[in-house]
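# What the coordinates show
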Amino acid sequence: SDARVPLREWIESETEKRNSARQTTAFDETRDKKEWILRKTTVAFGITELLIHSREHSFTEPPSKLCSINNFSVRICDETAAAAVQFSQPAWKGIKGVDMISPQLSSNIVEPSFLCSSFFDDSDGVDQ
């Protein structure tokens, strides 16, 4: 089952998680930065797709309401499911989709086949 989190709350939560992770001794700055950027980019892509789709229809919402941070929510794995996969899967896999509240539209997030755990493998010393 998925949980819906308002976009503003999701952004604040991501920032808090990142800041608290920096306090741990096992913090990996490079890996954390890549995961953080990937999570933010994933959500931004979902929002972009929803905005593009909303323009294809004749909705009566003014652009300022469509683009408001309060008009979006992020669908994530519920906490029990997220805890179960936390160590076996990368952090961005917990993002299931993005929803637009008005007009009511949804965008599901599907991981591309080329994206795998090797994205975080820094053994060659070069960022991918």
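The paragraphs below set out a description of the structure included in this document. Computed from a predicted model, the values in this text were never measured in an experiment. (Residues numbered from 1 in each chain as written. Predicted model: local features only at pLDDT ≥ 70, side-chain atom pairs only at ≥ 80, totals over all residues. Heavy atoms only, no water.)

### Remarks on the packing of helix α1 (residues 7-21) against helix α2 (residues 29-55)
Direction vectors running N to C along α1 and α2 enclose 175 degrees, while the axes themselves pass 11 Å from each other. Between α1 and α2, the angle falls in the class roughly antiparallel. On α2, the residues that touch Leu7, Trp10, Glu14 and Arg18 of α1 are Glu29, Asp32, Lys33, Trp36, Arg39, Lys40, Val43 and Ile47. Among the residues forming the contact of α1 with α2, the class breakdown is 5 nonpolar, no polar and 7 charged. (Axes fitted to C-alpha atoms, helices over the stretch in contact; angles between N-to-C directions. Helix = DSSP H or I, 4+ residues; strand = E, 2+ residues; numbered from the N terminus. Parallel < 35°, antiparallel > 145°, perpendicular 65-115°, else oblique. Contact = heavy atoms within 4.5 Å. Nonpolar A, V, L, I, M, F, W, Y, C, P; charged D, E, K, R; others polar.)

### Looking at the sheet that holds strand β2 (residues 72-77)
Strands belonging to one sheet form pairs held by backbone hydrogen bonds; the direction of such a pair is parallel or antiparallel. The sheet built from 4 strands is open, its strands ordered β1-β2-β3-β4 with antiparallel pairing. Of all strands in the sheet, those bounded by a partner on one side alone are β1 (2-6) and β4 (105-108). Each adjacent strand pair in this sheet contributes to an overall mean axis angle of 25 degrees, direction not counted. Across 5 bridges, β1 lies against β2 in antiparallel orientation. What sits directly across from Pro6, in β2, is Ser73. The strands touched by α1 within the sheet are β1, β2 and β3 (95-100), with β1 carrying the most contacts at an inclination of about 95 degrees. (Pairing = 2+ DSSP bridges.)

### Looking at the pattern of salt bridges
Where charged atoms from two side chains of opposite charge approach closely, those side chains can pair. Enumeration over the complete set of coordinates arrives at 6 salt bridges. Across the pair Glu14 and Lys17 runs a salt bridge whose closest N-O atoms are separated by 3.1 Å. Of this pair, Glu14 and Lys17 both sit in helix α1, 3 residues apart, which is roughly one turn of the helix. The buried category is assigned to Glu14, whose relative accessible area is 4%. By relative accessible area, Lys17 is classed as partly exposed at 47%. As a salt-bridge pair, Glu14 and Arg39 come within 2.4 Å of each other at their nearest N and O atoms. Of the two residues, Glu14 is situated in helix α1 and Arg39 in helix α2; the sequence distance between them amounts to 25 residues. When salt bridges with common partners are traced through the structure, they connect Glu14, Lys17, Glu35 and Arg39 into a single cluster. (Salt bridge = Lys/Arg side-chain N within 4 Å of Asp/Glu carboxyl O. Buried < 20%, exposed > 50% of the residue type's maximum accessible area, 1.4 Å probe, protein only.)

Distances and angles like these do not, on their own, reveal function.
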